[in-house]
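The lines below spell out each chain.
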Amino acid sequence: MPKISILVPIYNASKYLRQAIDSLVNQTLQDIEIICINDGSTDNSLKIIEEYASKDARIVILDKPNTGYGDSMNQGIKLARGEYIAILEPDDYFELNAFEKLYQLANWHHADIVKSNYFFLENKQNHQNAVIRPKDTGKTIYPRQDHFVFHLPPAIWSGIYRREFLLNNRLEFLPTPGASYQDLGFNIKTLALAQRVILTTDAFLHYRVDNANSSSKSPSKLNCVVEEYSSIEDFLREHQLLSDLAPTIVGVKFGNYLWNILRLPAPAAQEFYQTTLSELRSARSSGLLQRSAFRPKYWLLAQMMLKAPKLTKKFLIRSRES
(Lines give C-alpha, C1' and ligand atoms only; values in the text may rest on other atoms or scores of the structure.)
Protein backbone atom coordinates (compact mmCIF):
# COMPACT_ATOMS: atom_id res chain seq x y z
CA MET A 1 0.00 0.00 0.00
CA PRO A 2 1.53 3.36 -1.00
CA LYS A 3 1.37 6.08 1.61
CA ILE A 4 -0.39 8.49 -0.77
CA SER A 5 -2.23 8.12 -4.08
CA ILE A 6 -2.32 11.35 -6.09
CA LEU A 7 -5.21 11.68 -8.54
CA VAL A 8 -4.52 13.81 -11.63
CA PRO A 9 -7.71 14.42 -13.66
CA ILE A 10 -6.67 15.35 -17.19
CA TYR A 11 -8.60 16.86 -20.06
CA ASN A 12 -6.63 18.64 -22.81
CA ALA A 13 -4.02 19.78 -20.30
CA SER A 14 -0.81 19.42 -22.31
CA LYS A 15 0.26 23.06 -21.82
CA TYR A 16 1.12 22.64 -18.13
CA LEU A 17 1.06 18.86 -17.70
CA ARG A 18 4.81 18.23 -17.65
CA GLN A 19 5.33 20.73 -14.83
CA ALA A 20 2.55 19.06 -12.85
CA ILE A 21 3.89 15.51 -13.31
CA ASP A 22 7.48 16.60 -12.63
CA SER A 23 6.36 17.95 -9.26
CA LEU A 24 5.01 14.47 -8.40
CA VAL A 25 7.71 12.11 -9.64
CA ASN A 26 10.35 14.17 -7.81
CA GLN A 27 8.62 14.22 -4.42
CA THR A 28 10.86 13.61 -1.40
CA LEU A 29 8.27 11.02 -0.30
CA GLN A 30 8.92 8.25 -2.79
CA ASP A 31 6.25 5.82 -1.58
CA ILE A 32 3.43 7.29 -3.65
CA GLU A 33 1.10 6.28 -6.45
CA ILE A 34 0.31 8.69 -9.29
CA ILE A 35 -3.01 7.99 -10.98
CA CYS A 36 -3.39 9.95 -14.23
CA ILE A 37 -7.01 9.94 -15.36
CA ASN A 38 -7.25 10.89 -19.03
CA ASP A 39 -10.83 12.03 -19.60
CA GLY A 40 -10.98 11.71 -23.37
CA SER A 41 -8.36 14.35 -24.18
CA THR A 42 -8.03 15.30 -27.84
CA ASP A 43 -4.59 16.93 -27.51
CA ASN A 44 -1.36 15.07 -26.73
CA SER A 45 -2.00 14.76 -22.97
CA LEU A 46 -2.25 10.96 -23.17
CA LYS A 47 1.04 10.75 -25.05
CA ILE A 48 2.76 12.84 -22.36
CA ILE A 49 1.58 10.70 -19.45
CA GLU A 50 2.42 7.50 -21.36
CA GLU A 51 5.95 8.84 -21.78
CA TYR A 52 6.24 9.42 -18.02
CA ALA A 53 4.66 6.05 -17.19
CA SER A 54 7.23 4.24 -19.33
CA LYS A 55 9.96 5.63 -17.03
CA ASP A 56 8.22 5.47 -13.63
CA ALA A 57 6.33 2.40 -12.42
CA ARG A 58 4.47 4.48 -9.81
CA ILE A 59 2.38 6.07 -12.55
CA VAL A 60 -0.95 4.41 -13.32
CA ILE A 61 -2.95 5.53 -16.37
CA LEU A 62 -6.72 5.36 -16.52
CA ASP A 63 -7.69 6.22 -20.11
CA LYS A 64 -11.43 6.60 -20.67
CA PRO A 65 -14.02 8.46 -22.74
CA ASN A 66 -14.96 11.94 -21.62
CA THR A 67 -17.44 11.64 -18.74
CA GLY A 68 -16.55 14.78 -16.78
CA TYR A 69 -14.50 15.75 -13.76
CA GLY A 70 -16.72 14.23 -11.08
CA ASP A 71 -16.84 10.79 -12.65
CA SER A 72 -13.08 10.90 -13.29
CA MET A 73 -12.41 11.63 -9.63
CA ASN A 74 -14.78 8.90 -8.44
CA GLN A 75 -13.11 6.33 -10.67
CA GLY A 76 -9.72 7.47 -9.40
CA ILE A 77 -10.75 7.07 -5.75
CA LYS A 78 -11.93 3.52 -6.43
CA LEU A 79 -8.70 2.66 -8.23
CA ALA A 80 -6.39 4.18 -5.60
CA ARG A 81 -4.47 1.92 -3.20
CA GLY A 82 -2.84 4.57 -1.00
CA GLU A 83 -3.41 5.13 2.69
CA TYR A 84 -4.25 8.74 1.81
CA ILE A 85 -5.54 10.39 -1.35
CA ALA A 86 -4.38 13.70 -2.80
CA ILE A 87 -5.50 15.65 -5.86
CA LEU A 88 -3.48 17.63 -8.38
CA GLU A 89 -5.15 19.62 -11.13
CA PRO A 90 -2.94 19.34 -14.23
CA ASP A 91 -2.35 23.10 -14.51
CA ASP A 92 -0.99 23.31 -10.92
CA TYR A 93 2.08 21.84 -9.22
CA PHE A 94 3.37 20.92 -5.76
CA GLU A 95 6.44 21.80 -3.76
CA LEU A 96 8.71 18.76 -3.75
CA ASN A 97 8.40 18.14 0.02
CA ALA A 98 4.58 18.44 0.02
CA PHE A 99 3.61 14.84 0.64
CA GLU A 100 6.40 14.09 3.07
CA LYS A 101 5.15 16.93 5.29
CA LEU A 102 1.43 16.26 4.81
CA TYR A 103 1.80 12.54 5.48
CA GLN A 104 3.79 13.19 8.65
CA LEU A 105 0.97 15.34 10.00
CA ALA A 106 -1.68 12.82 8.97
CA ASN A 107 0.20 9.91 10.50
CA TRP A 108 1.00 11.69 13.77
CA HIS A 109 -2.59 12.75 14.33
CA HIS A 110 -4.43 9.79 12.72
CA ALA A 111 -6.25 12.43 10.69
CA ASP A 112 -9.14 11.96 8.31
CA ILE A 113 -8.14 15.18 6.52
CA VAL A 114 -5.05 17.40 6.51
CA LYS A 115 -5.34 20.82 4.86
CA SER A 116 -2.66 23.42 4.18
CA ASN A 117 -2.23 26.91 2.83
CA TYR A 118 -1.33 27.32 -0.85
CA PHE A 119 0.12 29.74 -3.37
CA PHE A 120 -1.65 31.74 -6.06
CA LEU A 121 0.31 31.49 -9.31
CA GLU A 122 -0.29 34.27 -11.83
CA ASN A 123 2.00 35.53 -14.59
CA LYS A 124 4.75 33.27 -13.21
CA GLN A 125 4.56 35.05 -9.84
CA ASN A 126 3.62 33.27 -6.61
CA HIS A 127 2.09 34.70 -3.47
CA GLN A 128 0.86 32.73 -0.51
CA ASN A 129 -2.85 32.62 0.31
CA ALA A 130 -2.54 32.39 4.09
CA VAL A 131 -6.14 31.42 4.90
CA ILE A 132 -5.12 29.03 7.70
CA ARG A 133 -4.02 30.89 10.82
CA PRO A 134 -1.36 29.72 13.31
CA LYS A 135 -3.89 29.64 16.17
CA ASP A 136 -5.86 26.90 14.35
CA THR A 137 -2.89 24.55 13.95
CA GLY A 138 -1.31 22.02 16.29
CA LYS A 139 -4.65 20.62 17.43
CA THR A 140 -7.34 18.26 16.21
CA ILE A 141 -10.42 19.96 14.76
CA TYR A 142 -13.89 18.43 14.81
CA PRO A 143 -15.80 20.31 12.09
CA ARG A 144 -19.27 19.71 13.52
CA GLN A 145 -18.20 21.81 16.48
CA ASP A 146 -15.56 24.04 14.85
CA HIS A 147 -17.66 25.43 12.00
CA PHE A 148 -15.01 27.94 10.92
CA VAL A 149 -13.36 25.27 8.74
CA PHE A 150 -16.37 25.33 6.40
CA HIS A 151 -15.58 28.98 5.65
CA LEU A 152 -12.05 28.19 4.44
CA PRO A 153 -11.71 28.08 0.62
CA PRO A 154 -12.72 24.62 -0.68
CA ALA A 155 -9.18 24.08 -2.09
CA ILE A 156 -9.51 20.29 -2.04
CA TRP A 157 -6.12 19.99 -3.76
CA SER A 158 -4.30 21.66 -0.82
CA GLY A 159 -4.56 18.63 1.45
CA ILE A 160 -4.90 14.86 1.73
CA TYR A 161 -7.81 12.56 2.65
CA ARG A 162 -7.70 9.18 4.35
CA ARG A 163 -8.87 6.70 1.71
CA GLU A 164 -10.63 4.39 4.17
CA PHE A 165 -12.58 7.39 5.50
CA LEU A 166 -13.77 8.24 1.98
CA LEU A 167 -14.71 4.68 1.09
CA ASN A 168 -16.44 3.83 4.38
CA ASN A 169 -18.62 6.93 4.13
CA ARG A 170 -19.18 6.65 0.35
CA LEU A 171 -17.84 10.16 -0.10
CA GLU A 172 -17.79 10.95 -3.80
CA PHE A 173 -17.97 13.80 -6.26
CA LEU A 174 -21.21 14.80 -7.95
CA PRO A 175 -20.77 13.08 -11.36
CA THR A 176 -22.60 15.67 -13.44
CA PRO A 177 -21.19 15.45 -17.01
CA GLY A 178 -19.44 18.62 -18.06
CA ALA A 179 -20.05 20.32 -14.73
CA SER A 180 -17.83 22.56 -12.63
CA TYR A 181 -17.63 23.46 -8.93
CA GLN A 182 -17.65 19.81 -7.82
CA ASP A 183 -14.94 20.69 -5.32
CA LEU A 184 -17.57 22.59 -3.28
CA GLY A 185 -19.67 19.54 -2.56
CA PHE A 186 -16.72 17.23 -1.92
CA ASN A 187 -15.17 19.73 0.49
CA ILE A 188 -18.30 20.26 2.57
CA LYS A 189 -19.36 16.60 2.62
CA THR A 190 -15.94 15.38 3.75
CA LEU A 191 -15.71 18.03 6.47
CA ALA A 192 -19.23 17.25 7.67
CA LEU A 193 -18.30 13.61 8.37
CA ALA A 194 -14.67 14.00 9.43
CA GLN A 195 -13.80 13.28 13.05
CA ARG A 196 -10.20 14.50 12.94
CA VAL A 197 -9.00 17.41 10.77
CA ILE A 198 -5.50 18.88 10.99
CA LEU A 199 -4.50 22.27 9.56
CA THR A 200 -1.05 23.64 8.79
CA THR A 201 0.11 27.12 7.80
CA ASP A 202 2.70 25.60 5.44
CA ALA A 203 1.92 26.08 1.75
CA PHE A 204 2.71 23.41 -0.85
CA LEU A 205 0.36 23.72 -3.83
CA HIS A 206 0.83 26.33 -6.56
CA TYR A 207 -2.68 27.14 -7.80
CA ARG A 208 -2.72 28.70 -11.26
CA VAL A 209 -5.26 31.52 -11.52
CA ASP A 210 -4.30 32.78 -14.98
CA ASN A 211 -5.52 29.76 -16.96
CA ALA A 212 -8.10 31.21 -19.35
CA ASN A 213 -9.43 27.73 -20.09
CA SER A 214 -10.52 27.03 -16.52
CA SER A 215 -14.11 25.79 -16.64
CA SER A 216 -15.07 27.72 -13.50
CA LYS A 217 -14.59 30.96 -15.44
CA SER A 218 -17.45 30.13 -17.80
CA PRO A 219 -20.75 31.95 -17.09
CA SER A 220 -22.56 28.98 -18.64
CA LYS A 221 -21.48 26.85 -15.67
CA LEU A 222 -23.35 28.86 -13.03
CA ASN A 223 -26.19 26.34 -12.74
CA CYS A 224 -23.56 23.84 -11.62
CA VAL A 225 -22.83 25.73 -8.41
CA VAL A 226 -26.57 25.78 -7.62
CA GLU A 227 -26.74 22.01 -8.24
CA GLU A 228 -23.76 21.45 -5.93
CA TYR A 229 -25.42 23.23 -3.03
CA SER A 230 -28.66 21.36 -3.64
CA SER A 231 -26.67 18.11 -3.49
CA ILE A 232 -25.02 19.27 -0.24
CA GLU A 233 -28.41 19.95 1.33
CA ASP A 234 -29.63 16.47 0.34
CA PHE A 235 -26.46 14.95 1.79
CA LEU A 236 -26.81 16.74 5.12
CA ARG A 237 -30.44 15.71 5.33
CA GLU A 238 -29.55 12.08 4.60
CA HIS A 239 -26.96 12.10 7.41
CA GLN A 240 -29.28 13.96 9.82
CA LEU A 241 -26.91 16.94 9.96
CA LEU A 242 -29.13 19.55 8.36
CA SER A 243 -30.31 21.14 11.61
CA ASP A 244 -26.72 21.42 12.91
CA LEU A 245 -24.99 22.65 9.77
CA ALA A 246 -27.61 24.28 7.53
CA PRO A 247 -27.15 27.88 8.82
CA THR A 248 -23.36 27.59 8.39
CA ILE A 249 -23.74 26.24 4.85
CA VAL A 250 -26.09 29.14 4.01
CA GLY A 251 -23.33 31.53 5.13
CA VAL A 252 -20.70 29.64 3.12
CA LYS A 253 -22.95 29.55 0.06
CA PHE A 254 -23.58 33.30 0.20
CA GLY A 255 -19.83 33.96 0.23
CA ASN A 256 -19.35 31.68 -2.77
CA TYR A 257 -22.25 33.22 -4.67
CA LEU A 258 -20.92 36.71 -3.96
CA TRP A 259 -17.51 35.68 -5.30
CA ASN A 260 -19.20 34.67 -8.56
CA ILE A 261 -21.14 37.93 -8.81
CA LEU A 262 -17.96 39.99 -8.41
CA ARG A 263 -15.94 38.15 -11.06
CA LEU A 264 -18.44 37.48 -13.86
CA PRO A 265 -19.25 39.67 -16.87
CA ALA A 266 -22.07 42.12 -16.13
CA PRO A 267 -24.99 40.24 -17.76
CA ALA A 268 -24.14 36.98 -16.01
CA ALA A 269 -23.43 38.79 -12.73
CA GLN A 270 -26.83 40.49 -12.82
CA GLU A 271 -28.60 37.21 -13.52
CA PHE A 272 -26.75 35.39 -10.76
CA TYR A 273 -27.51 38.24 -8.36
CA GLN A 274 -31.20 37.39 -8.74
CA THR A 275 -30.46 33.73 -7.96
CA THR A 276 -28.55 34.78 -4.84
CA LEU A 277 -31.34 37.11 -3.71
CA SER A 278 -33.96 34.41 -4.21
CA GLU A 279 -31.99 31.90 -2.13
CA LEU A 280 -31.37 34.47 0.60
CA ARG A 281 -35.09 35.16 0.86
CA SER A 282 -35.80 31.42 1.00
CA ALA A 283 -33.24 30.96 3.79
CA ARG A 284 -34.76 33.85 5.75
CA SER A 285 -38.25 32.39 5.49
CA SER A 286 -36.89 29.02 6.68
CA GLY A 287 -35.19 30.60 9.71
CA LEU A 288 -31.70 29.71 8.47
CA LEU A 289 -30.18 33.20 8.39
CA GLN A 290 -27.96 33.47 11.45
CA ARG A 291 -25.47 36.26 11.91
CA SER A 292 -22.92 33.96 13.58
CA ALA A 293 -22.88 31.75 10.46
CA PHE A 294 -21.72 34.60 8.20
CA ARG A 295 -18.48 36.47 7.93
CA PRO A 296 -19.22 40.02 9.20
CA LYS A 297 -18.90 41.78 5.83
CA TYR A 298 -21.03 39.10 4.15
CA TRP A 299 -23.75 39.45 6.78
CA LEU A 300 -23.87 43.21 6.12
CA LEU A 301 -24.18 42.64 2.37
CA ALA A 302 -26.85 39.99 2.86
CA GLN A 303 -28.93 42.41 4.94
CA MET A 304 -28.43 45.14 2.33
CA MET A 305 -29.63 42.77 -0.41
CA LEU A 306 -32.78 41.88 1.55
CA LYS A 307 -33.63 45.47 2.48
CA ALA A 308 -32.60 47.31 -0.70
CA PRO A 309 -32.07 44.73 -3.46
CA LYS A 310 -31.98 47.14 -6.41
CA LEU A 311 -29.50 49.54 -4.81
CA THR A 312 -27.29 46.67 -3.63
CA LYS A 313 -27.32 45.17 -7.10
CA LYS A 314 -26.07 48.45 -8.59
CA PHE A 315 -23.41 48.70 -5.88
CA LEU A 316 -22.11 45.18 -6.53
CA ILE A 317 -22.07 45.57 -10.31
CA ARG A 318 -20.09 48.81 -9.96
CA SER A 319 -17.71 47.07 -7.55
CA ARG A 320 -17.21 44.35 -10.13
CA GLU A 321 -16.37 46.87 -12.81
CA SER A 322 -14.00 48.99 -10.70
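Before reading on, note that the structure itself is shown above.
Numbering of residues starts from 1 in every chain and runs along the sequence as written. Local features are withheld for residues below a pLDDT of 70 in this predicted model, meaning they are given only at 70 or higher, and side-chain atom pairs are given and counted only at 80 or more; totals for whole chains, interfaces and linings count all residues. Heavy atoms throughout the structure, all of them, feed into the side-chain values; hydrogens and water do not.

(A) Quick peek at the pairing of strand β8 (residues 159-162). Judged from the three bridges that link them, strand β4 (residues 84-87) and β8 form a sheet pairing that is antiparallel. Paired with Ala 86 across the strands is Ile 160, a residue of β8. Note: strand β6 (residues 113-122) against β8, three bridges, orientation antiparallel. Along β8, the bridge assignment pairs Ile 113 with Tyr 161. Only strands that DSSP links by at least two bridges are regarded as paired with each other. Note on conventions: DSSP H or I runs of at least 4 residues are helices, E runs of at least 2 residues are strands, and numbering of each starts at the N terminus.

(B) Here's a closer look at the packing of helix α6 (residues 182-193) against helix α7 (residues 222-238). Where α6 meets α7, the closest approach of the two axes is 8 Å, and the angle between their N-to-C directions is 20°. The angle between α6 and α7 places the two elements in the roughly parallel class. The hand of the α6/α7 crossing is right-handed. Contacts between α6 and α7 involve Gln 182, Leu 184, Gly 185, Ile 188, Lys 189, Ala 192 and Leu 193 on the former and, on the latter, Val 225, Glu 228, Tyr 229, Ser 231, Ile 232, Phe 235 and Leu 236. Considering only residue class, the contact of α6 with α7 consists of nine nonpolar, three polar and two charged. Inter-axis angles, ranging from 0 to 180 degrees, are taken between N-to-C directions of lines fitted to C-alpha atoms, where helices are fitted over the stretch in contact. Should an angle fall under 35 degrees it is taken as roughly parallel, and over 145 as roughly antiparallel, whereas 65 to 115 is taken as roughly perpendicular and any remaining angle as oblique. Handedness of each helix crossing follows the sense of rotation of the near helix against the far helix: counterclockwise by less than a right angle gives left-handed, clockwise gives right-handed. The contact rule is simple, with two residues in contact once any of their heavy atoms fall within 4.5 Å. Ten residues, namely Ala, Val, Leu, Ile, Met, Phe, Trp, Tyr, Cys and Pro, are considered nonpolar, four, namely Asp, Glu, Lys and Arg, are considered charged, and the remaining ones, Gly among them, are considered polar.

(C) Spotlight on a nonpolar patch on the surface. Among the surface-exposed residues, Leu 300, Met 304 and Phe 315 lie close enough to one another that they form a single nonpolar patch of about 270 Å² accessible area. Turning to its location among the elements, Phe 315 is positioned in helix α11 (residues 309-321). Here a patch means residues that are over 30% exposed by relative accessible area and free of salt bridges, tied together within 9 Å if like-charged and within 5 Å if nonpolar (Val, Leu, Ile, Met, Phe, Trp, Tyr). Areas reported as accessible are Shrake-Rupley estimates using a 1.4 Å probe. Residue values count occlusion only from the protein chains shown. Here a salt bridge means any side-chain nitrogen of Lys or Arg lying within 4 Å of a carboxyl oxygen belonging to Asp or Glu.

(D) Up close: the packing of aromatic side chains. Each aromatic pair joins two rings of Phe, Tyr and Trp (for Trp, the six-membered one) with centres within 6.5 Å, and gets the label stacked for planes under 30 degrees apart, edge-to-face for over 60, and tilted for any other angle. Counted under the stated rule, the structure contains 15 aromatic pairs. Between Phe 120 and Tyr 207, the aromatic rings sit 6.1 Å apart at their centres with planes inclined by 45°, giving tilted as the arrangement. Placement of the pair is Phe 120 in strand β6 and Tyr 207 in strand β9 (residues 197-208), with a sequence separation of 87 residues. Measuring from centroid to centroid gives 5.3 Å for Phe 294 and Trp 299, while their planes differ by 70°, and the two rings are edge-to-face. Like Trp 299, Phe 294 is buried. Whether a residue is buried, partly exposed or exposed follows from its accessible area with a 1.4 Å probe, protein chains only, as a fraction of its type maximum: under 20%, in between, or over 50%, in that order.

(E) Spatial organisation of the pairing of β4. Burial along β4 is two-sided: the residues Tyr 84 and Ala 86 and Ile 85 and Ile 87 are all buried. Where strand β1 (residues 4-10) lies against β4, four bridges are found, and the strand directions are parallel. Directly across from Ile 6, in β4, lies its bridge partner Ala 86.

(F) Summary view of the pattern of salt bridges. Counted under the stated rule, the structure contains 13 salt bridges. The salt bridge partner of Asp 39 is Lys 64, with a shortest N-O separation of 2.5 Å. Note that Asp 39 is positioned in strand β2 (residues 32-39) and Lys 64 in strand β3 (residues 59-64), a separation of 25 residues in sequence. Its relative accessible area of 5% is what places Asp 39 among the buried residues. Residue Lys 64 is classed as buried on the basis of its relative accessible area of 9%. Glu 164 is the partner of Arg 162 in a salt bridge, and the nearest nitrogen-oxygen pair spans 3.3 Å. Judged by relative accessible area, Arg 162 falls into the partly exposed class, the value being 22%.

(G) Structural detail: helix α4 (residues 98-109). With twelve residues, α4 should cover 16 Å at 1.5 Å per step; its first-to-last C-alpha distance of 17 Å lies within 8% of that length. Among all positions of α4, only Ala 98, Phe 99, Leu 102, Tyr 103, Leu 105 and Ala 106 are buried. Mapping the buried residues of α4 onto a view down its axis gives an arc of 160°, with all of them on the same face. The positive-phi residue at the C-terminal boundary of α4 is His 110, with phi of around 50°. Working rule for helices: expected span equals 1.5 Å times residues minus one. Relevant arc is that of directions from the helix axis to the C-beta atoms, nothing else.

Any link to function would need more than the numbers given here.
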